[in-house]
Amino acid sequence: MALNVDEMETMSGSLLDVRAFCHVVELGTLSAAARILGETKGGISRRISRLESGLGLQLLARHPRSVTVTTEGELFYAKARDGLLLLDEAAELARSTRQEAKGTLRITAPLDLGQEWLPPLLVEFARQHPLIRIELLISDQRLDLASHQIDIALRATDGGLPDMGYHARSLTRLQMGWYAAPGYLAQAGQPLCPEDLPRHALILPGAGHHAFSVTLQRGHVQEHLTLWPRLQTLDYASVLRLTLHGGGIGFFPGLVAAEGLQQGRLQAVLTDWQAPAGELFMITQNSRQAPARVQAFKAYLLAALQGSAPQPQ
């Protein structure tokens, strides 16, 4: 028969009592169990009495010089011993995740970074840590870490983060910039100043029939621009793809442009004019008690970003 709620609460607070009882059965005396557990004989006796009271059963028959296990005690011991072994194995397995980088690592990232910047990093990290299985959830929704069992969330923002009850660490600035395919620039020419942008085919983020407003700065000089896109799409990943295909000059973060710049498929323009920057955060549930797999990925990502966050140039 299954335990009711009150019985489960009683049992959940008496695992040490159950362990003491099992030691008595295995060693034959209260004194021997007390020595193993570092307690007094009277303390072990009280544990057994408390356990029996909670169960409503007599587990041990007391004699002046010894104890014997009752029939009910033998039945309880057989299951309790197996249960304690499973608990010990579970605890050891959980502790091992703090020492060895293994298990499933669940990461969520926004669409732009999850599609264009993160994949090569994850592939290399997986190569370095063959015991870690990676699940990547690409979503612009801010998924709750606890309810979705997420280890690490990467969040991009142009402002601060709200208080979520989790540990957040800033990884890098998300510097915005202007990029174009070399073929487009060979045909249309290089923009030499912000005022040249309206004469180009522009690929801009956004939705609806609205102008795109941006402020560019060089030293103390600011240029406030109102631009109309030739091509417009909701996310930077799509802006990147349209730009790579020669559709015009695209506006997106340097991290998204990194691979195209390295491959020579993109060229940064107007590099002496700074656009507004956002910020990339890494969010975890518990920084101090994080499993080894989480600690390993955090260290890997920070190392990958040190001095390598691409800027328009």
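Residues numbered from 1 in each chain as written. Predicted model: local features only at pLDDT ≥ 70, side-chain atom pairs only at ≥ 80, totals over all residues. Heavy atoms only, no water.

A. Seen up close, the side chain of D17. With respect to the helices and strands, D17 occurs in helix α2 (residues 15–27). A distance of 2.9 Å separates polar atoms of two side chains, one belonging to D17 and the other to R50. (Helix = DSSP H or I, 4+ residues; strand = E, 2+ residues; numbered from the N terminus. Polar contact = N/O pair within 3.5 Å; in protein donor to acceptor, adjacent residues only side chain to side chain.)

B. Geometry of unusual backbone geometry. One non-glycine residue, Q149, lies in the positive phi region at around 55 degrees. Mapping Q149 onto the fold places it in the loop between β4 (132–138) and β5 (152–157). Of note in the backbone geometry, L270 takes a positive phi value of approximately 50 degrees without being a glycine. Within the fold, L270 resides in the loop between β12 (267–269) and β13 (277–284). A residue is classified by how much of its surface remains accessible, and L270, at 7% relative accessible area, is buried. (Buried < 20%, exposed > 50% of the residue type's maximum accessible area, 1.4 Å probe, protein only.)

C. Up close: the environment of Q187. Within the fold, Q187 resides in helix α8 (residues 182–188). Residue class for Q187 comes out exposed when judged on its relative accessible area of 73%. Note: C-alpha distance between Q187 and G246 (59 residues apart in sequence) is 9.9 Å.

D. Structural detail: the nonpolar core. In this structure, W117, L118, L154, F297 and L301 are the most contacted members of the largest nonpolar core, which totals 34 residues. Counting residues per element, the ones that place at least two in this core are β3 (103–109), α7 (118–128), β5, β6 (167–180), α9 (236–244), α10 (254–262), β13 and α11 (292–305). Here this core takes seven residues from α11, the largest share from any one element. If sequence neighbours within four positions are ignored, F297 has contacts with L105, I107, L118, L122, F125 and I152. Membership of the second largest hydrophobic core comes to 20 residues, among which are Y184, L204, I249 and L270. (Core = buried A, V, L, I, M, F, W, Y, C linked by side-chain atoms within 4.5 Å. Contact = heavy atoms within 4.5 Å.)

E. A look at the packing of α7 against α11. The N-to-C vectors of α7 and α11 enclose an angle of 130 degrees; their axes lie 11 Å apart at closest approach. Judged by the inter-axis angle, α7 sits oblique to α11. Crossing of α7 over α11 shows right-handed handedness. For the pair α7 and α11, the contacting residues are L118, L121, L122, E124, F125 and Q128 in the first and R293, A296, F297, Y300, L301 and A304 in the second. Looking at the contact of α7 with α11, its residues break down into nine nonpolar, one polar and two charged. (Axes fitted to C-alpha atoms, helices over the stretch in contact; angles between N-to-C directions. Parallel < 35°, antiparallel > 145°, perpendicular 65-115°, else oblique. Left-handed = near helix turned anticlockwise from the far one by under 90°. Nonpolar A, V, L, I, M, F, W, Y, C, P; charged D, E, K, R; others polar.)

F. View of helix α4 (residues 41–55). Here α4 spans 21 Å end to end across 15 residues, near enough to the 21 Å set by a 1.5 Å rise per residue. In the segment just after α4, G56 is the residue with positive phi, at about 70 degrees. (Expected span 1.5 Å × (residues − 1).)

G. A look at the confidence of the model for the protein chain. Taken as a whole, the protein chain shows an average pLDDT of 84; of its residues, 87% reach a score of 70 or greater. Predicted confidence is poor over residues 1–13, with pLDDT under 50, and the contacts of this stretch with residues over four places away or in other chains come to eight contacts. (pLDDT = per-residue confidence, 0-100.)

H. Representation of the environment of F297 in the model. Mapped onto the secondary structure, F297 falls in helix α11. Taking C-alpha positions, F297 is 9.1 Å from L122, a pair spaced 175 residues apart along the chain.

I. Here's a closer look at the packing of aromatic side chains. The full count for this structure, using the stated rule, is seven aromatic pairs. An aromatic cluster is built from F125, F297 and Y300, whose rings are joined through pairwise contacts. (Phe/Tyr/Trp six-rings, centres within 6.5 Å; stacked < 30°, edge-to-face > 60°.)

J. Focus on the pattern of salt bridges. Applying the stated criterion across every chain, the model contains 12 salt bridges. As a salt-bridge pair, R62 and E52 come within 3.0 Å of each other at their nearest N and O atoms. Remark: E52 occurs in helix α4 and R62 occurs in strand β1 (residues 60–62); sequence separation between them is 10 residues. On the accessibility criterion, E52 (11% relative accessible area) is buried. Note that R106 and E135 form a salt bridge whose closest N and O atoms lie 2.2 Å from each other. Taken as a pair, R106 in strand β3 and E135 in strand β4 lie far apart in primary sequence, 29 residues in all. Assessed through its relative accessible area of 19%, R106 is described here as buried. The exposure class of E135 is partly exposed, given its relative accessible area of 22%. Put simply, D17, E39, R47 and R50 are held in one network by salt bridges that share partners. (Salt bridge = Lys/Arg side-chain N within 4 Å of Asp/Glu carboxyl O.)

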